[in-house]
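# Residue-level structure breakdown
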Amino acid sequence: MKKILILCTGNSCRSQMADGILKENLPNSFLIKSAGTKPEPVNKYAIKVMSLTNINISKNESNHISDFDNILFDYVITVCDNALETCPVFNNAKKHIHKSFRDPAKFKGNLKDTLNFYSEIRDEISLFLNKLIKEDILKEESC
């Protein structure tokens, strides 16, 4: 079983969206976890925009990176620069992947604009991960 850890600072938005997207698009032979360096509750707008794509992350919980110290991950994916800079090094991971996405939690606006911004970030994350799945992760899985 391949193991993937997705990291961001709060484990409330970007990493939670990535978690849901990967769980939806990868076979059950993958273990997918997400964590943060300073975990916060899962963001209600992230839950909402994911539900618009029929991905339910409403039962997800935020985790601290130390919760997974004893797991040997095949992939560690950081989705924000802060997590890349402050997370411990997972020397045992086969591959480290970094792609920073804007933080939707910092967006200020009315409800419609907020949901549009969160959706934009969700779509950016989805495009990145689906490309990664097609070109990297699943290619190795099928070998």
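Residues take numbers from 1 onward in each chain, read along the sequence in its written order. Only residues with pLDDT of 70 or above have their local features reported here, since the model is predicted, and side-chain atom pairs are shown and tallied only from 80 upward, although totals for entire chains, interfaces and linings are computed over all residues. As a rule here, side-chain values cover all heavy atoms of the structure and leave hydrogens and water aside.

### Topic: helix H2 (residues 44-51)
Partly exposed describes any residue whose relative accessible area lies between the buried limit of under 20% and the exposed limit of over 50%, with all areas from a 1.4 Å probe on protein chains only and scaled to the type maximum. A run of H or I in DSSP becomes a helix once it reaches four residues, and a run of E becomes a strand once it reaches two; helices and strands are each numbered from the N terminus. Those residues of H2 lying buried are Ala46, Val49 and Met50. Buried residues in H2, looked at end-on, bunch into an arc of 100 degrees, giving them a common side. Pairing of N or O atoms within 3.5 Å defines a polar contact, subject to two protein rules: one partner must be a possible hydrogen donor and the other a possible acceptor, and residues neighboring in sequence count only if both atoms are side-chain atoms. You can read the cap of H2 off the contacts: a side-chain oxygen lies 2.7 Å from the backbone nitrogen of tyrosine 45, and it is on asparagine 43. Working note: the arc is built from the helix axis to C-beta atom directions.

### Here we look at the confidence of the model for the chain
A residue's pLDDT is the confidence the predictor assigns to it, expressed on a 0 to 100 scale. Of the residues in the chain, 88% have a pLDDT of 70 or more, and the chain-wide mean is 89. When pLDDT is averaged over each helix and strand of the chain, the minimum, 64, is found for helix H3 (residues 81-86) and the maximum, 98, for H2.

### Quick look at unusual backbone geometry
For asparagine 11, which is not glycine, the phi dihedral falls at a positive 50 degrees. As for its position among the elements, asparagine 11 is in the loop between strand S1 (2-8) and helix H1 (14-25). Asparagine 11 gets classed as buried once you look at its relative accessible area, which sits at 0%. Backbone geometry at asparagine 54 places phi at a positive 65 degrees, although glycine is not the residue there. As for its placement among the helices and strands, asparagine 54 is situated in the loop between H2 and strand S3 (75-78).

### Structural notes on the packing of aromatic side chains
In this scheme Phe, Tyr and Trp rings, the latter by its six-membered ring, pair at centre separations within 6.5 Å, and the angle between planes marks the pair as stacked below 30 degrees, edge-to-face above 60, and tilted otherwise. For the structure shown, the criterion picks out four aromatic pairs. A ring pair is formed by phenylalanine 68 and phenylalanine 73, whose centres lie 6.3 Å apart and whose planes are at 85 degrees; its orientation type is edge-to-face. Under the relative-accessibility criterion, phenylalanine 73 is labelled buried at 1%. As a reminder, the over-ring test applies to NZ of lysine and CZ of arginine, requiring each to be within 6 Å of the ring centre and within 35 degrees of the ring normal. If you follow lysine 99 out to its NZ or CZ, it ends over the ring of phenylalanine 101, 5.9 Å from the centre.

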